[in-house]
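Okay, here's what each chain looks like letter by letter:
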Amino acid sequence: MSEIKPAYNVVETPDGYSAPGLFATSLDKVIGLARKNSIWPLPFATSCCGIEFMATMGAHYDLGRFGAERLSFSPRQADLLMVMGTIAKKMAPIVHQVYEQMTEPKWVIAVGACAASGGIFDTYSVLQGIDRVVPVDVYVPGCPPRPEQIIEGFLKIQDLVGNESLRRRYSPEYRELLKKYRIA
Ligand code: SF4
């Protein structure tokens, strides 16, 4: 008889010390575990890749299974900027401003060829990759990427979030990175 699997996701226990009635781990890992399973994405969708994202949020793929069903259309209540679609140079300052308005800690995914590199639009008017205006953590290739690829990118973000040291955002390297993007 085949094994019946639960319909919900059971999160992995972080590394730590366990004994009967006791489990001890580091604060970094506990916070990482909570953060990675409660990401609030801000969908910045400008064109066709946004349609793939709609499919990713729909019942069949359902990004909510990973704790990310609460989309945010306010940067101040979001911690993952998902840029999906062609970004015209005129819009680049808006992407930058939205990123600046998000509170720390925050992460960014460039979904699809246009967001990652300008895609097929190698023209005077299209930004050749959003990493020219904001730091990007994960790039999802494809034109458009399938929902499975978007989910794969999201899982990579979850790995980053879960394993990030609480001190990273205070490090000189991180400050240097923000300075490069003219973010105070
Ligand atoms: S990568 Fe392809 S599918 Fe996505 S926005 Fe650009 S042209 Fe559209």
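To continue, consider the nonpolar core. Core analysis: the largest hydrophobic core is formed by 38 residues, its most contacted members being Leu81, Met82, Val83, Ala110, Val111 and Ala115. When residues of this core are traced back to their parent elements, those giving at least two are strand S3 (41–45), helix H2 (48–57), strand S4 (80–84), helix H3 (92–101), strand S5 (107–111), helix H4 (112–117), strand S6 (138–140) and helix H5 (147–163). Once residues within four sequence positions are removed from consideration, alanine 110 is found in contact with Val83, Ala115, Ala116, Ile130, Asp131, Val136, Tyr139 and Val140.

Attention now moves to the site of the ligand. Around the ligand, the neighbouring residues are Ser47, Cys48, Cys49, Gly85, Thr86, Gly112, Ala113, Cys114, Gly119, Cys143 and Pro144. If you list the elements that add at least two residues to the shell around the ligand, you get H2 and H4. When the residues that make up the shell around the ligand are grouped by side-chain class, the tally is six nonpolar, five polar and no charged.

In this section: the sheet that holds S4. Ordered in space as S3-S4-S5-S6, the four strands form an open sheet in which the pairing is parallel. Of all the strands in the sheet, the pair left with one neighbour each is S3 and S6. Taken over all neighbouring pairs, the strand axes of this sheet differ in orientation by 15 degrees on average, direction set aside. Bridge analysis of S4 against S5 gives five bridges, and the strand direction is parallel.

Another point: helix H6 (residues 172–180). Within H6, only zero of the nine residues are buried, which leaves the element largely exposed. Following H6 by one or two positions, arginine 182 has its phi on the positive side, about 55 degrees.

With that settled, consider unusual backbone geometry. Geometrically, the link from glutamate 104 to proline 105 is a cis peptide bond, its omega value of -5 degrees lying close to zero. Tracing the backbone shows proline 105 in the loop between H3 and S5. Of note, the bond from cysteine 143 into proline 144 is cis; its omega dihedral lies within 30 degrees of zero at -5 degrees. Within the element layout of this structure, proline 144 appears in the loop between S6 and H5. Positive phi values are uncommon outside glycine, yet aspartate 62 reaches one of about 55 degrees. One non-glycine residue, arginine 182, lies in the positive phi region at around 55 degrees.

Parameters and conventions
Residues numbered from 1 in each chain as written. Predicted model: local features only at pLDDT ≥ 70, side-chain atom pairs only at ≥ 80, totals over all residues. Core = buried A, V, L, I, M, F, W, Y, C linked by C-beta atoms within 7 Å. Buried ≥ 20, exposed ≤ 12 C-beta atoms within 10 Å, placed from the backbone. Helix = DSSP H or I, 4+ residues; strand = E, 2+ residues; numbered from the N terminus. Contact = placed C-beta atoms within 7 Å. Near = placed C-beta within 6 Å. Nonpolar A, V, L, I, M, F, W, Y, C, P; charged D, E, K, R; others polar. Pairing = 2+ DSSP bridges. Axes fitted to C-alpha atoms, helices over the stretch in contact; angles between N-to-C directions.

By themselves, these are just geometric observations and shouldn't be taken as functional.
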